Amino acid sequence: MSKPLKQIHLAAHFPGVNNTTVWSDPASGSHIEFSSFAHFARTAERAKFDFLFLAEGLRLREQGGKIYDLDVVGRPDTFTVLSALAAVTDRLGLTGTINSTFNEPYEVARQFASLDHLSGGRAAWNVVTSWDAFTGENFRRGGFLPQAERYSRAKEFLATAHELFDSWHGDEILADQETGVFLRDAKAGAFVHRGQHFDIHGRFNVPRSPQGRPVIFQAGDSEEGREFAASDADAIFSRHATLEAGRAFYTDVKRRLAKYGRRPDQLLILPAATFTLADTDEEARELAKEVRRQQVSGATALRHLEFVWNRDLSGYDPDGPLPDIDPDVTSRHLAEGRAQVRMYRDPLATAREWRELAAAHNWSIRDLVIETGNRQNFIGSAETIARTIDEYVQNDASDGFILVPHVTPTGLDAFADKVVPLLQERGVFRTDYEGPTLRDHLGLVHPDGLGDRRAAS
Ligand SMILES: Cc1cc2nc3c(=O)[nH]c(=O)nc-3n(C[C@H](O)[C@H](O)[C@H](O)COP(=O)(O)O)c2cc1C
């Protein structure tokens, strides 16, 4: 008997942080006006996507006092945006990335429980630790906590938030038409948490929300990050979106679940994925090349090279050859404290390899950065993209994708109109939502073992 087809999960990532957006495209609009968020969310909901996703960059990337020229700099607060979107959508899940290193559990638990109430059970929390000291400088603690301790804090942070969510059982409140709302159980919301990172007690003041707890995402890729996901998360936001890397990651993470008494289907793997869609595969390939060029300006290419060279290269022509001086490996790194510094452990070897590549292909600095950078994950006609996404999911490279378009806010429109119907025809994507909550869309059980408590009562 053949295996039943897996159902694909799709999400819409509003490109709010890095240099994905092609600003020169005439369709490119605001990344901060509400109309952009609303258009993006409504498109995702029209296409029956599982959820909208917001990443979070708590600090603008900069080098030598200059902000990266193509990064999104306007970054409004996650909860404010998601709450506003809850009012203009009905079914779409709302996932926010919120840091566990610089926040406090009481505050974050209140915000997510509130969002879950306001949206009728559609909230999800992507728990990130953002280990770099560079981000920490925005907060009073500076480069607070080494990486391993950040995961210990993240784990306790999440456990504490769960204690707060669970401090209400769902039936403590009585609504009375004349007197308003009153408490039946005087213990409602009472909590005590004593741990290594948090020592708090009091009373949680948001009643149990429709999903009981928000859906939990995890994004870190290290051993600690993967273990945290395996023990505590409902889904992973990963960076492994190719067939081979996706399959390796999928197998690795899913096999970790058993030791926590969990089944493989209790953790969904959802990589971020970029795409270029056109009428034909050939047109899409041409367009994809053009998009990559627009995503790497001359200034972006120089900043990228400076990471490896650890020198100010602003005097170099990005359309000229690579520097013939070697990287500076003795001085303090010019971007010290930034997460990406770890990417190039041997700058001399990287510089040698890049010089050889550039010489062999006659590449300029900008060409090199474009060619060695990430290519779009899905490139082609609607038929090609639908077939490829389906093939990846059926072959366990993922359980679906979090799509990042290169134009805001209309970059998902064509995908919704052309690719989604083909996935529906293949019988691998919903034609309508089956339930009201994000847990329903993702096939996750309610923490109380029920469907939606309120719907059930
Ligand atoms: C695919 C992916 C997406 C991430 N998105 C964010 C984000 O939006 N905001 C953030 O502060 N950190 C983000 N992170 C950072 C992680 O939460 C984590 O702090 C970092 O990767 C270091 O942990 P690690 O060594 O386990 O990867 C992301 C990481 C990955 C792999």
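Small disclaimer: the values here were computed from a predicted structure and weren't measured. (Residues numbered from 1 in each chain as written. Predicted model: local features only at pLDDT ≥ 70, side-chain atom pairs only at ≥ 80, totals over all residues. Heavy atoms only, no water.)

### Examining the overall build of the protein chain
Broken down by element type, the protein chain carries 15 helices and 15 strands. Taken over the C-alpha trace, the protein chain has a radius of gyration of 23 Å; the compact-globule value for 457 residues is 23 Å, and the two agree within 12%. Dimensions of the protein chain along its principal axes, counting C-alpha atoms only, are 75 × 50 × 45 Å. Counting over 457 residues, the protein chain shows a buried share of 52%. The contacts in the protein chain between residues at least 6 apart in sequence include a share of 75% that link residues at least 24 apart. (Helix = DSSP H or I, 4+ residues; strand = E, 2+ residues; numbered from the N terminus. Rg over C-alpha atoms; globule rule 2.2 N^0.38 Å. Buried < 20%, exposed > 50% of the residue type's maximum accessible area, 1.4 Å probe, protein only. Contact = heavy atoms within 4.5 Å.)

### Digging into the confidence of the model for the protein chain
Averaged over all residues, the pLDDT of the protein chain is 92; the fraction at 70 or higher stands at 96%. Confidence drops under pLDDT 50 across residues 451–457; counting only partners more than four residues distant or on other chains, this segment forms 14 contacts. (pLDDT = per-residue confidence, 0-100.)

### Concerning unusual backbone geometry
In this model, Thr 408 is joined to Pro 409 through a cis peptide bond whose omega is 5°. Within the secondary structure, Pro 409 is located in the loop between strand 15 (400–404) and helix 13 (413–425). Look at Lys 48: it is not a glycine, yet its phi comes out positive at around 65°. Along the chain, Lys 48 turns up in the loop between helix 1 (34–46) and strand 2 (51–54).

### Here we look at the pairing of strand 5 (residues 93–99)
Most of strand 5 sits inside the fold, with 7 of its 7 residues counted as buried. By the alternation rule, side chains of strand 5 split into Gly 93, Thr 95, Thr 97 and Asn 99 and Leu 94, Gly 96 and Ile 98, which are all buried. Relative to strand 5, strand 2 runs parallel, the two sharing 4 bridges. Paired with Phe 53 across the bridge in strand 5 is Thr 95. In this fold, the crossover linking strand 5 to strand 6 (residues 123–128) by way of helix 3 (residues 105–118) has right-handed handedness. (Pairing = 2+ DSSP bridges. Right-handed = clockwise from strand over helix to strand, strands pointing away.)

### Examining the domain arrangement of the protein chain
When cut into domains, the protein chain gives domain 1 (9–278 + 381–456) and domain 2 (282–372). By the criterion of area lost to domain 2, the three top residues of domain 1 are Gln 63, Trp 131 and Thr 276, representing 31% of everything that side buries. For the pair domain 1 and domain 2, the interface holds 0 salt bridges. Where domain 1 packs against domain 2, one counts 7 residue pairs in polar contact (both at pLDDT 80 or more). (Domains from an automatic or database assignment. Buried area = accessible area lost by both parts, 1.4 Å probe. Salt bridge = Lys/Arg side-chain N within 4 Å of Asp/Glu carboxyl O. Polar contact = N/O pair within 3.5 Å; in protein donor to acceptor, adjacent residues only side chain to side chain.)

### Quick look at the side chain of Asp 252
Position of Asp 252 relative to the elements: it lies in helix 7 (residues 243–255). Here the side chain of Asp 252 touches Arg 226 through a polar contact of 3.0 Å, side chain to side chain. A polar atom in the side chain of Asp 252 sits 2.9 Å from the side chain of Arg 256.

### Focus on the site of the ligand
Around the ligand, a shell composed of 17 residues is seen, among which Glu 56, Ser 130, Gln 147, Tyr 151 and Ser 222 lie nearest. For the ligand, the protein covers 84% of the area, taking 610 Å² as the surface of the free molecule. Breaking the shell around the ligand down by element, the ones donating at least two residues are helix 5 (147–165) and strand 12 (235–238). (Near = heavy atom within 4 Å. Areas by Shrake-Rupley, 256 points an atom, 1.4 Å probe, with all protein chains shown as cover.)

### Let's talk about the packing of helix 12 (residues 382–394) against helix 13
At a closest axis distance of 9 Å, the pairing of helix 12 and helix 13 adopts a crossing angle of 50°. With respect to each other, helix 12 and helix 13 are oriented oblique. Where helix 12 crosses over helix 13, the handedness of that crossing is right-handed. Contacts from Ala 382, Glu 383, Ile 385, Ala 386 and Ile 389 of helix 12 reach helix 13 at Phe 415, Lys 418, Val 419, Leu 422 and Leu 423. By residue class, the composition of the contact of helix 12 with helix 13 is 8 nonpolar, no polar and 2 charged. (Axes fitted to C-alpha atoms, helices over the stretch in contact; angles between N-to-C directions. Parallel < 35°, antiparallel > 145°, perpendicular 65-115°, else oblique. Left-handed = near helix turned anticlockwise from the far one by under 90°. Nonpolar A, V, L, I, M, F, W, Y, C, P; charged D, E, K, R; others polar.)

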